[in-house]
Amino acid sequence: MSARPRVLSGVQPTGALHLGNWLGAIRNWVSLQDDHDTFFCVVDLHAITVPHDPALLAENTRRTAALYLASGIDPERSSVFVQSQVTAHSELTWLLNCVTPLNWLERMIQFKEKARKQGENVSVGLLDYPVLMAADILLYDADLVPVGEDQKQHLELARDIAQQRINARFAPEDRPLLKVPEPLILAEGARVMSLQDGRSKMSKSDPNEGSRLNLLDPPELITRKIKRAKTDPVLGLEFGNPERPEADNLLGLYALLSGVGREVAARECAPMGWGQFKPLLAEAAVEALRPLQERYAAILAEPGYLDQVLRSGRERASAVAEASLERVRAAMGFLPSR
Ligand code: AMP
Ligand code: TRP
């Protein structure tokens, strides 16, 4: 058994991953590999909580996994796996469902937002999404869960389920059944905003393609999207002016993508007009994404490589997850599964 803190995180294989997914989530996973025991899954069961196209799910799942590797997730040090291939996720979800109060789920902000968008077509799965996410985390006794700011409420729910609904009810006080996880939200990159509206989050579901930079966008497209990004009539880039959310967002992106940091970026760009700043930002974005795009192409070009990574990740993940599931089953009074 390793004494290193355990980390688990995941991204849904819906649509192309964008800069928000990278800066807010995946990029932060990479450095955690050095001194943590890391598990990264592609959460394909979450992807069917809204209507989905069966013809695309498997391919999107593989592409998302390939992007993890291209971003610097090292399959020697991390278990990279597909959620639906470790069946303990679905099984623990049911057990947790039966102890989770309905009103805890009804008040989730993301559910309310997504339900509004779905209109008549809201599935039970969409409501249950945070319980599945709790199962993802609790199966691995994760200490830390690196996510973007928008997932904080779901993390709190996972903590409440572990503490109040499982440990308090089914375990002796000195021997908790499930580890209570902590969110890991890094301030920089935690909220990347839309290129078309500095007040709304960059999101896969925004119908306007121009609102986001996808990780696999070719250089010309990146440059074009940045050229068309929303600006304001003020000269000079700055952080923290509530009247200028676009300036704050794009300057923040420049600081992260160029690697110069916020202080230097703020000084360098303070006197610049938008026409001078945008090409600079475009170049930083193209250069930051180039190595990732090259690795992605190499990974998919090597026959069998990705499947082998996912097979071995699944084995390592299953071993941990099955043991946790068995522990919860036993505590809840079920017959042993074998
Ligand atoms: P999703 O695209 O909802 O599957 O999110 C996958 C991960 O990316 C989660 O950890 C989110 O918190 C993070 N994320 C998504 N959009 C953004 C954004 N605009 N800024 C920062 N992080 C984000
Ligand atoms: N709900 C998360 C999102 O939209 C994805 C997710 C599912 C997740 N299960 C997880 C993230 C477990 C961290 C840990 O981004």
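To be clear, the structure that these remarks concern was listed above.
Looking only at helices and strands, the protein has 12 helices and five strands in total. Relative to the compact-globule value of 20 Å for 338 residues, the protein shows a C-alpha radius of gyration of 21 Å, a close match. Overall, the C-alpha framework of the protein stretches about 70 × 45 × 40 Å when taken along its three principal axes. Residues classed as buried in the protein amount to 49% of the 338 residues present. The contacts in the protein between residues at least 6 apart in sequence include a share of 75% that link residues at least 24 apart. Of the side-chain charges in the protein, 39 are positive and 44 negative, and the distance between the mean point of each set is 2 Å.

Moving on, we get to the site of ligand 2. Around ligand 2, a shell composed of 13 residues is seen, among which His46, Tyr129, Met133, Asp136 and Gln151 lie nearest. Within the contact set of ligand 2, a nitrogen atom lies 2.8 Å away from a side-chain nitrogen or oxygen of Tyr129. In this structure, Gln151 approaches ligand 2 through a side-chain N or O atom, which is 3.0 Å from a nitrogen atom. Contact with the protein chains hides 90% of the accessible area of ligand 2, taken as 360 Å² for the molecule alone. Per-element accounting of the shell around ligand 2 gives the leading share, four residues, to helix H6 (residues 124–138). For the shell around ligand 2, the per-class residue count stands at seven nonpolar, five polar and one charged.

Packing of helix H3 (residues 88–97) against H6 leaves a shortest axis separation of 8 Å and a crossing angle of 120 degrees. The angle between H3 and H6 falls in the class oblique. You can see that H3 and H6 cross each other, and the crossing is right-handed. Facing H3, whose interface residues are His89, Leu92, Thr93, Leu96 and Asn97, H6 presents Asp128, Val131, Leu132, Ala134, Ala135, Asp136 and Leu138. Within the contact of H3 with H6, the residues separate by chemical class into seven nonpolar, three polar and two charged.

Right, let's talk about the packing of aromatic side chains for a bit. Across all of its chains, the model carries six aromatic pairs by this definition. Measuring from centroid to centroid gives 4.9 Å for Trp29 and Tyr68, while their planes differ by 80 degrees, and the two rings are edge-to-face. Residue Trp29 is found in helix H1 (residues 19–32), and its partner Tyr68 is found in helix H2 (residues 54–70); the two are separated by 39 residues along the sequence. Residue Tyr68 is classed as buried on the basis of its relative accessible area of 0%. Ring centres of Phe39 and Tyr140 lie 5.1 Å apart, and the angle between their planes is 40 degrees; this geometry places the pair in the tilted category. One end of the pair, Phe39, is in strand S2 (residues 37–42); the other, Tyr140, is in the loop between H6 and strand S4 (144–146), and 101 residues separate them in sequence. Since its relative accessible area comes to 3%, Phe39 is described here as buried. The exposure class of Tyr140 is buried, given its relative accessible area of 0%. Counting every residue linked through ring pairs, the aromatic cluster contains Trp29, Phe40 and Tyr68.

Each value, and the rule that gives it
Residues numbered from 1 in each chain as written. Chains lettered and ligands numbered in written order. Predicted model: local features only at pLDDT ≥ 70, side-chain atom pairs only at ≥ 80, totals over all residues. Heavy atoms only, no water. Helix = DSSP H or I, 4+ residues; strand = E, 2+ residues; numbered from the N terminus. Rg over C-alpha atoms; globule rule 2.2 N^0.38 Å. Buried < 20%, exposed > 50% of the residue type's maximum accessible area, 1.4 Å probe, protein only. Contact = heavy atoms within 4.5 Å. Lys, Arg positive; Asp, Glu negative; His and termini not counted. Charge placed at Lys NZ, Arg CZ, Asp CG, Glu CD. Near = heavy atom within 4 Å. Polar contact = N/O pair within 3.5 Å; in protein donor to acceptor, adjacent residues only side chain to side chain. Areas by Shrake-Rupley, 256 points an atom, 1.4 Å probe, with all protein chains shown as cover. Nonpolar A, V, L, I, M, F, W, Y, C, P; charged D, E, K, R; others polar. Axes fitted to C-alpha atoms, helices over the stretch in contact; angles between N-to-C directions. Parallel < 35°, antiparallel > 145°, perpendicular 65-115°, else oblique. Left-handed = near helix turned anticlockwise from the far one by under 90°. Phe/Tyr/Trp six-rings, centres within 6.5 Å; stacked < 30°, edge-to-face > 60°.

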